[in-house]
Each structure stands twice: as structure tokens, then as C-alpha cells.
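A structural walkthrough
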Amino acid sequence: MILYSTNNKELRVPFKEGVFNSLPADKGLYMPVNIPVLDPEFIADLHKYSLPEIAFRVSKAILNGAIPETDLKAIIDDAINFDAPVVELSEQINVLELFHGPSLAFKDFGARFMSRVMSYFLKEGEQQLDVLVATSGDTGGAVALGFLGVPNVRVTILFPKGKVSPIQELQLTTNGQNIRAIEIDGTFDDCQALVKRAFNDPELKEKFRLTSANSINISRLIPQTFYYFYAYAQIQRKGFKEVVFSVPSGNFGNIGAGLLAWKMGLPVRQFIAATNINDTVPAFLRTGVYQAKPSVQTWSNAMDVGDPSNWVRIMDLFKGETADLKKLLTAYTFTDEETLNAIEKVYREQHYIMCPHTAIAWLASKQWLKDHPVESAELVFLSTAHPCKFPDIFSKEIAGNIEVPLQVQELEGRERLAITLGRDFEGFKNYLLDS
Ligand SMILES: *Cc1c(COP(=O)(O)O)cnc(C)c1O
């Protein structure tokens, strides 16, 4: 598998380099030179396969020999070891639950696959890889649990003190082994600034092999295609052929992976990008002008993004042809008030509890059906996280009815292992140098 930079098609690197560097030097994003189209017979037969079987076939096609088959199969079986069921909620409306992994969010797909691919490429005797991540909640948990116990890799996570939910904090701070958690007396932006400075610090770069395991890493994008194929397989089992996906979107990596799956031959009638009031992309589709904005805080905070980093990948997939893109992609935007009302309504009517991000995708699928009353298509909205990760936003009644999954209950008695540091770079740097 060969990658190019979206800023320069001639800048080409092998898959391994894209995995360790995340970003090309020219600050574009890596994209595959060849996007294979899967055998139509395989697509027609998807319903016969399990999620790991689908993941293996899809990754084998796109990686095109970058990892030998037996090793790839082992990576898939280890990384994709939890289910992604499609649950019917009401007529024509289904939810794809992506929160059954260890951190209870869809980011587990990307983080678990990336960590195993990195570990595979680290040859014996090579210097330990040091992963530095700043998190506002979800990414850190997925990365920590994704890398937990992975040989020859150490992870250091920075999170803002008092600004992640209790469950997120447990997921970040109770791991031990090769995972270190640092609570920063500051904001998420402070955490991010510290990590950025560390990557540019000559002394740290000299002593450690640093990597960011960033959300725009190509090895996080690829595994996110798997569940689109698997969701389609489950829709086939219900006897339908047409599917519309509604995706809660922030940095547009999740929906970007869906569009990549479509490019690989998955028959999708329509993609819906569902955003909160950070509506840069919906505004672009409406006006044709892409105007990045400062992000605004909402209840669906994992989607508070004013300049989605994966958008250039999507434009690249469509070679900048906005007209073609608009045929396949619709976008809707919703307020916090609409989000809370949706959670309440679906709880009352369907006895189903959605996290705020998921609620926005539900709203968007309802809106699309209103605008396009079709009977032939099944709508699948993606549930990106388990509601128990966002306890503050629910009414007492709803909160009391959320079932906390076993993997979280197990964390509750564990020892908290975080250290606390200030926002100054020297303190953080000295901590790293001393370890
Ligand atoms: C990260 C995240 C999103 C946004 O996904 P993108 O790939 O950035 O568009 C949505 N919901 C949850 C719960 C997330 O953690």
C-alpha cells in the first residue's frame, strides 16, 4: 500500500511510514494511491460473514500486501474482538452500536487496530515507541485501552483536571502497565499545547521515539470502514438492499471512512453528516464556501470542531468535485435543546437511551426521511458512544436507567494512578526526561 499527501500527489510513502508519522511533512493528510473496488459477489454475500471476516477481507484489499496475510489476520482477530450490532429502533430506523469495545466508543476500532499495526512494525530490538496524547475525554480512553499491554510501546496521556467525566477518568487513570496518565491543572488546549511543544523539543526528540497516534493517522481511518460493511451485512439479513447512513460528525473521520467504504464498492444510497451547531460542513454544502470557525462548546463535546481535520480527505476522494459530493452527502445541524429533546423522546417512545452525539445522528435520520420520503431504504444511524460516559446531561430518571457495562464496573474499585502537573512546559519536560 502506497500513500500520497493530499497536498502533493507526488509525495509518496509506504504504509509503514504513514503509520509512524501520521502527517506528511507538507501538512497534508495521507491517502491511499489505490483504492481497491471489492468483488461485487463478496458485497452481495456480506450477510454470510462475521465482523472479523469482513474486516480481514477489507483490510487485505486496501493494505495490498503491506502486512502479510497471516499477520494481518492475527492483528484483526486481536483488535476487532467485540460486536457492532444493528438494532432496529422504529420503522426504517436502525442504530449501529459502536460502543461495545473497551472504552465504550467507536474510537476503539481505530485505536486498537492502529496500536497493533504499530507494534507489528516495531521490529525486535528497536527503540521503544513513546505515544503522547492530549485528550478531552474519548480519544484518550480509546488510545490508553487500545495500547494497554502492547509490547515495546509506552503511552503518556494528558487530560485537563476536573474536565473529563468520571467514567472517562477511570478509563484514563486505572491502567498501569505501559500507560501513564497526567492530570494537567489547566484546559484541554493547555494539554494539547504541551504535547505539541514536546514534539518540537530537540532534547526530547533526541532521547525518545515520539509519536502522536493522532486521529488523522491513516491506520485509524482504515478500521473504521469495517463496520460500514458489517452494518450493510446486517441490513441484508433483514432482507433490504438500500441503506442510508447518518453519522455524528466532528472531525469527519468516521464519515470519511464511510465514504471510503463507498469508494470500495459498498452500495450506500446516501450519507448524512449530523453535526451540532459547529456547522462548518453543513454551511459549506449549503453555500459552497468553506469557512473554518472557532469551535463552540455543546453537550455533544466530542463534535465541537470548527475546522474538521478530515475534511480535506473527503474533498480528495471527490477530487474537489463538490457537485458529485453533494449527490451523496447531505448535512444537518442541531442545537443542544433539540439534542436533549431527542434523548427524552426516544427514551419515552422506544425505551432506548442515546448519548448526545448519537441523538444528533438520530435527529438527522428523522429529518432526512421527512425530506426524502422513500420506502425502499433502511436508515442506519451510528451510535458513537455509550450514554454512561456523559452522565451530566441526563435527567435523574434517564440516568438511573442507564446500564453501566461490566468493563466499567470492573474499573471502579481500582487504584487511581495519575500524577498532577501544572501547565508549564518545563515541568512536563522534566517529568518525561526523568522517566
Ligand atoms: C470522536 C467522536 C465523534 C466525532 O467523530 P469524528 O470522526 O471526529 O467525526 C462523535 N461522537 C463521539 C462519541 C466521539 O468520541
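Summary of the structure given here. (Residues numbered from 1 in each chain as written. Predicted model: local features only at pLDDT ≥ 70, side-chain atom pairs only at ≥ 80, totals over all residues. Heavy atoms only, no water.)

1. Details of the overall build of the protein chain
Each helix and strand in the protein chain was counted, giving 20 helices and 14 strands. Over its C-alpha atoms, taken along the principal directions, the protein chain stretches across nearly 65 × 50 × 40 Å. Taking all 435 residues of the protein chain together, 59% fall into the buried category. Taking contacts inside the protein chain between residues at least 6 apart in sequence as the whole, the part at least 24 apart equals 75%. Each charge sign in the protein chain was given a centre, from 43 positive and 52 negative side chains, and these centres are 3 Å apart. (Helix = DSSP H or I, 4+ residues; strand = E, 2+ residues; numbered from the N terminus. Buried < 20%, exposed > 50% of the residue type's maximum accessible area, 1.4 Å probe, protein only. Contact = heavy atoms within 4.5 Å. Lys, Arg positive; Asp, Glu negative; His and termini not counted. Charge placed at Lys NZ, Arg CZ, Asp CG, Glu CD.)

2. Comments concerning the pattern of salt bridges
This model, assessed by the stated rule, comprises 21 salt bridges. A salt bridge links Arg 154 to Asp 130, with the shortest nitrogen-to-oxygen separation between them at 2.9 Å. Note that Arg 154 is positioned in strand β7 (residues 153–160) and Asp 130 in strand β6 (residues 129–134), a separation of 24 residues in sequence. By relative accessible area, Arg 154 is classed as buried at 16%. According to the relative accessible area criterion, Asp 130 is buried, its value standing at 3%. The salt bridge involving Glu 378 is made with Lys 238; its shortest N-O contact spans 3.1 Å. (Salt bridge = Lys/Arg side-chain N within 4 Å of Asp/Glu carboxyl O.)

3. Quick word on the packing of helix α11 (residues 223–237) against helix α12 (residues 253–263)
For the pair α11 and α12, interaxial distance at closest approach is 8 Å and the crossing angle is 65 degrees. Here α11 runs over α12; the crossing is right-handed. For the pair formed by α11 and α12, the contact residues are Gln 224, Thr 225, Tyr 227, Tyr 228 and Phe 229 on the first element and Gly 253, Asn 254, Ile 255, Ala 257, Gly 258, Leu 260 and Ala 261 on the second. (Axes fitted to C-alpha atoms, helices over the stretch in contact; angles between N-to-C directions. Left-handed = near helix turned anticlockwise from the far one by under 90°.)

4. Details of the environment of Gly 253
Secondary-structure assignment places Gly 253 in helix α12. A relative accessible area of 14% means that Gly 253 is categorised as buried. Considering only alpha carbons, one finds Gly 253 and Asn 217, 36 residues apart in sequence, at a separation of 9.9 Å. Among residues more than four places away in sequence, those in contact with Gly 253 are Leu 221, Gln 224 and Asn 310.

5. Notes on the site of the ligand
Close to the ligand lie 14 residues, the nearest being Lys 107, Asp 138, Gly 250, Asn 251 and Thr 384. Here an oxygen atom of the ligand and a backbone polar atom of Gly 250 are 2.8 Å apart. Relative to its unbound accessible surface of 380 Å², the ligand loses 95% to contact with the protein. Across the shell around the ligand, the residue classes tally to five nonpolar, seven polar and two charged. (Near = heavy atom within 4 Å. Polar contact = N/O pair within 3.5 Å; in protein donor to acceptor, adjacent residues only side chain to side chain. Areas by Shrake-Rupley, 256 points an atom, 1.4 Å probe, with all protein chains shown as cover. Nonpolar A, V, L, I, M, F, W, Y, C, P; charged D, E, K, R; others polar.)

6. Observations regarding α11
Taking 1.5 Å of rise per residue, 15 residues should cover 21 Å, and α11 covers 22 Å from first to last C-alpha, within 8% of that figure. Taken across its 15 residues, α11 has 14 buried, putting it largely inside the fold. Immediately beyond the C-terminal end of α11, within one or two residues, lies Gly 239, with a positive phi of roughly 95 degrees. (Expected span 1.5 Å × (residues − 1).)

7. A word on the nonpolar core
Counting 98 residues, the largest nonpolar core has Phe 15, Phe 147, Tyr 228, Phe 229 and Phe 245 as its most contacted members. Of all the elements, α11 adds the most residues to this core, at nine residues. With residues near it in sequence (within four places) discarded, Tyr 228 still touches Phe 245, Val 247, Asn 254, Ile 255, Ala 257, Gly 258, Ala 261, Leu 266, Phe 271 and Leu 382. Grouped together as the second largest cluster of nonpolar side chains are 37 residues, Tyr 352, Leu 369, Leu 379 and Ile 398 included. (Core = buried A, V, L, I, M, F, W, Y, C linked by side-chain atoms within 4.5 Å.)

8. Side note on the state of the cysteines
Overall, the coordinates contain zero disulfides when judged by the stated rule. Counting only cysteine sulfurs, Cys 355 is the nearest neighbor of Cys 388, a cysteine outside any disulfide, at a range of 10 Å. For Cys 388, a relative accessible area of 5% corresponds to the buried category. (Disulfide = S-S within 2.5 Å.)

Purely geometric numbers; function is a separate question.
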